[in-house]
Amino acid sequence: MSKENKSDVVTGASETLDASMLENKKTTSPWPGPQGMIPVTSGNADDANVHNRHYLDRLLVEMRVIDAVEPDLTTTIFGKKYASPLMPAALSHLNKILDDKNRKPMQEKAIAARELNLLNWIGMETNEEYSEIVAEGGDTIRIIKPFADPQKIMGEIKFAEDHGAVAVGIDIDHIAGENGKYDVVDGIPLGSIRMDDLKKYAASTELPFIAKGVLSVADALKARQAGCKAIVVSHHHGRVPFGIPPLSILPEIKKALIGSGMQIFVDGSLMSGYDAYKALALGADAVLIGRGILPEVLKNGTEATKNKLQKMNEQLSEMMLYTGIKDMNSFDPTVLHFEK
Ligand SMILES: Cc1cc2nc3c(=O)[nH]c(=O)nc-3n(C[C@H](O)[C@H](O)[C@H](O)COP(=O)(O)O)c2cc1C
């Protein structure tokens, strides 16, 4: 890589990092934190969240203002229209962690999404808790853990279908615990999802099936072959040590899936509408926002979450207006320059 060449139109290829870059990251990353929030990440070089932030902050935009107009954020996902491409992410367990047991942050997040006409995602909850949350919300995508017991997965797929989910999927990236064995969550063993399993789960439902946690072209092609209708390019807030930033592999994955009709969603440290813009410019159909709304969801509930998402919508719109992007079908990666 040439040191003189400061900026280049983004190609999507991830670059090699040297030690001085890793030093800088400590000052540019907002993680670990905010204090007391989950998950608190280490901020060290093996923390993939640090690399996310660093990558995002080095994507700069050129302006294309002549003929630019106020953009329309309307986004079509699985054939339905939503107010914007921001989707409250597949969070979980939030109803258990507050001292105030009268509060239900999972429901508060679902209500915020419904009131803003955004597509809400829900992660690991029991079927009973899931049904209580969706009873208050609007359209929902249900993400199921890669449980070792396939019957449990089948049962949750069916339950989500019966309870009006728009789509259902598995966070295939939640495999390993820090001991290098299959992880165990809430005492429930998880396992590996193999091609045959994925095919079986995708074929078992009328709903679009999603593989969440794709971070390679290889897995994207397997998801396609298995019959998935969408993927989430993600490393699940840095589950994998030294994980590449999802945005760095997104263009390659997008290219590999041309003609598949699959929708491509992305997450990973998208903390503002500006970050969301970059993911959309690089080819995402919509983005998941997790820790970008987590403090609001936990501290102040529905209103604060709505305000934060509205602010992010405004930032997205602002950036689209400056770069001449009029709607969700008009994003152009050549607007982005990678600062080296
Ligand atoms: C508190 C919390 C709980 C989560 N639970 C789940 C889950 O049950 N299933 C899942 O697929 N992802 C889960 N995630 C991961 C998010 O869906 C998302 O992939 C990740 O946080 C990266 O997005 P972000 O950087 O915007 O937070 C969880 C994230 C957080 C912060």
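I will try to describe carefully the structure that is included in this document. (Residues numbered from 1 in each chain as written. Predicted model: local features only at pLDDT ≥ 70, side-chain atom pairs only at ≥ 80, totals over all residues.)

Looking now at the packing of helix α3 (residues 105-116) against helix α10 (residues 294-322). Between α3 and α10, the shortest axis-to-axis distance is 9 Å and the interhelical angle comes to 15 degrees. With respect to α10, the element α3 is oriented roughly parallel. Pair α3 / α10 crosses with right-handed handedness. Each of Pro-105, Glu-108, Lys-109, Ile-111, Ala-112, Glu-115 and Leu-116 in α3 lies in contact with α10, whose residues at this interface are Val-297, Leu-298, Gly-301, Thr-302, Thr-305, Lys-306 and Leu-309. Split into classes, the residues belonging to the contact of α3 with α10 amount to seven nonpolar, three polar and four charged. (Axes fitted to C-alpha atoms, helices over the stretch in contact; angles between N-to-C directions. Helix = DSSP H or I, 4+ residues; strand = E, 2+ residues; numbered from the N terminus. Parallel < 35°, antiparallel > 145°, perpendicular 65-115°, else oblique. Left-handed = near helix turned anticlockwise from the far one by under 90°. Contact = placed C-beta atoms within 7 Å. Nonpolar A, V, L, I, M, F, W, Y, C, P; charged D, E, K, R; others polar.)

Close to the ligand lie 24 residues, the nearest being Ser-92, Gly-123, Asp-171, Gly-290 and Arg-291. Taken together, the residues of the shell around the ligand sort by class into eleven nonpolar, nine polar and four charged. (Near = placed C-beta within 6 Å.)

Following both chains from N to C, one finds helix α9 (residues 273-281) and α10 inclined at 55 degrees, their axes separated by 7 Å at the closest point. It follows that α9 is oblique to α10 by the angle criterion. The two elements α9 and α10 cross, and the hand of that crossing is right-handed. Taking contact as the criterion, the partners of Gly-273, Tyr-274, Ala-276 and Tyr-277 in α9 are, on α10, Met-312, Asn-313, Glu-314, Gln-315, Leu-316, Met-319 and Met-320.

Taking 1.5 Å as the rise per residue, α10 with 29 residues should run 42 Å; its terminal C-alpha atoms sit only 28 Å apart, a clear shortfall. At Asn-300, α10 shows its largest kink, close to 145 degrees. Backbone geometry just after α10 places Gly-324 at a positive phi near 70 degrees. (Expected span 1.5 Å × (residues − 1). Bend = angle between axes of the 7 residues up to and from the residue.)

Residues of strand β14 (residues 286-289) alternate between two faces, with Ala-286 and Leu-288 on one and Val-287 and Ile-289 on the opposite face, all of them buried. Taken together, the three bridges between strand β5 (residues 86-88) and β14 define a ladder with parallel strand orientation. Following the sheet pairing, Pro-88 is matched in β14 by Ile-289. Looking at chain direction, strand β13 (residues 263-266) and β14 are connected through two bridges and run parallel. The partner of Phe-265 across the bridge, within β14, is Ala-286. Crossover handedness for the path β13 to α9 to β14: right-handed. (Buried ≥ 20, exposed ≤ 12 C-beta atoms within 10 Å, placed from the backbone. Pairing = 2+ DSSP bridges. Right-handed = clockwise from strand over helix to strand, strands pointing away.)

What follows is about unusual backbone geometry. One non-glycine residue with positive phi stands out, namely His-93, at about 65 degrees. Checked against the element boundaries, His-93 lands in the loop between β5 and α3. On the basis of neighbour count, His-93 is assigned to the partly exposed category, with 15 C-beta atoms found within 10 Å. Phi at Asp-186 takes a positive value of approximately 55 degrees, unusual for a residue other than glycine. Within the secondary structure layout, Asp-186 lies in the loop between β9 (184-185) and β10 (188-189).

Okay, the nonpolar core next. Grouped together as the largest cluster of nonpolar side chains are 88 residues, with contacts concentrated most on Met-87, Cys-228, Ile-231, Val-233, Val-266, Ala-284 and Val-287. Counting residues per element, this core draws most heavily on α10, at eight residues. The contacts of Ile-231, once residues within four sequence positions are left out, are Ile-210, Ala-211, Val-214, Ala-220, Ala-223, Met-262 and Ile-264. (Core = buried A, V, L, I, M, F, W, Y, C linked by C-beta atoms within 7 Å.)

Let us look at the sheet that holds β5. Reading across from one edge, β5-β14-β13-β12-β11-β8-β7-β6 is the order of the eight strands in this open sheet, with parallel pairing throughout. With partners counted over all chains shown, the strands left at the sheet margins are β5 and β6 (120-122), one partner each. Adjacent strand axes in the sheet meet at a mean angle of 30 degrees when their direction is disregarded. Alignment of strand β11 (residues 209-214) against strand β12 (residues 230-233), held across four bridges, turns out to be parallel. Bridge pairing in β12 places Ile-210 opposite Ala-230. Strands β11, β12 and β13 of the sheet are contacted by helix α8 (residues 246-256), whose axis makes an angle of about 175 degrees with β13.

Of all nine residues making up α9, eight are buried, and the element is well covered by its neighbours. Buried within α9 we find Gly-273, Asp-275, Ala-276, Tyr-277, Lys-278, Ala-279, Leu-280 and Ala-281. Just downstream of α9 lies Gly-283, where phi reads positive at about 125 degrees.

This part takes up the environment of Lys-306. Considering the arrangement of structural elements, one finds Lys-306 in helix α10. According to the C-beta neighbour criterion, Lys-306 is buried, with 20 such atoms within 10 Å. Sequence spacing of Lys-306 and Glu-115 is 191 residues, and the spatial spacing of their C-alpha atoms is 8.1 Å. Non-local contacts of Lys-306, meaning those with residues more than four positions away in its chain, are made with Ala-112, Glu-115 and Leu-116.

Attention now goes to the environment of Ala-160. Of note, Ala-160 is situated in helix α5 (residues 150-162). For the pair Ala-160 and Ser-131, spaced 29 residues apart in sequence, the C-alpha separation works out to 8.3 Å. Among all residues touching Ala-160, those that are not within four sequence positions of it are Arg-142, Ala-165 and Val-168.

The values are spatial; any link to function lies outside them.
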